[in-house]
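# Chains, contacts and geometry: an overview
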Amino acid sequence: MSTPEQDSPDIWSSAAHNKVPDDAWEYHTRKALNDAAYKGLDYVPYSSTMPVQPKTDEPKFMWKKKGAH
């Protein structure tokens, strides 16, 4: 039997369907420069609400080490 926590989406999967917005200036600048942050990190969406909703349409974004999610 699973617990409610196991059945709930996590902050990453809830927002995974979102794309980086056009106004994310830091991401687009780093991408254009192909700098170390862009090469070593992913800019990923996440849900900042608690409890986490099944689908987040207005996520926040953060830099996260590549392969860490």
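What you see is a predicted model, and the numbers here were worked out from it, not measured in a lab. (Residues numbered from 1 in each chain as written. Predicted model: local features only at pLDDT ≥ 70, side-chain atom pairs only at ≥ 80, totals over all residues. Heavy atoms only, no water.)

### Points about the overall build of the chain
Secondary structure summary: the chain contains three helices and two strands in total. Residues counted as buried form 25% of the 69 residues belonging to the chain. A sequence separation of at least 24 residues applies to 62% of the contacts in the chain between residues at least 6 apart. Of the roughly 5,200 Å² of accessible surface on the chain, a fraction of 54% belongs to carbon and sulfur atoms. (Helix = DSSP H or I, 4+ residues; strand = E, 2+ residues; numbered from the N terminus. Buried < 20%, exposed > 50% of the residue type's maximum accessible area, 1.4 Å probe, protein only. Contact = heavy atoms within 4.5 Å. Areas by Shrake-Rupley, 256 points an atom, 1.4 Å probe, with all protein chains shown as cover.)

### Some thoughts on the packing of aromatic side chains
Counting across every chain of the model gives six aromatic pairs. Ring centres of Tyr 27 and Tyr 43 lie 5.4 Å apart, and the angle between their planes is 20°; this geometry places the pair in the stacked category. Of this pair, Tyr 27 sits in helix α2 (residues 25-33) while Tyr 43 sits in strand β1 (residues 41-46), and the two are 16 residues apart along the sequence. Taken as a pair, Tyr 27 and Tyr 43 share a single burial class, namely buried. Sitting over the ring of Trp 12, Lys 64 keeps its end group 3.4 Å from the ring centre. A cation sits over an aromatic face here: Lys 66 above Tyr 38, 5.9 Å from the ring centre. (Phe/Tyr/Trp six-rings, centres within 6.5 Å; stacked < 30°, edge-to-face > 60°. Lys NZ or Arg CZ within 6 Å of the ring centre and 35° of its normal.)

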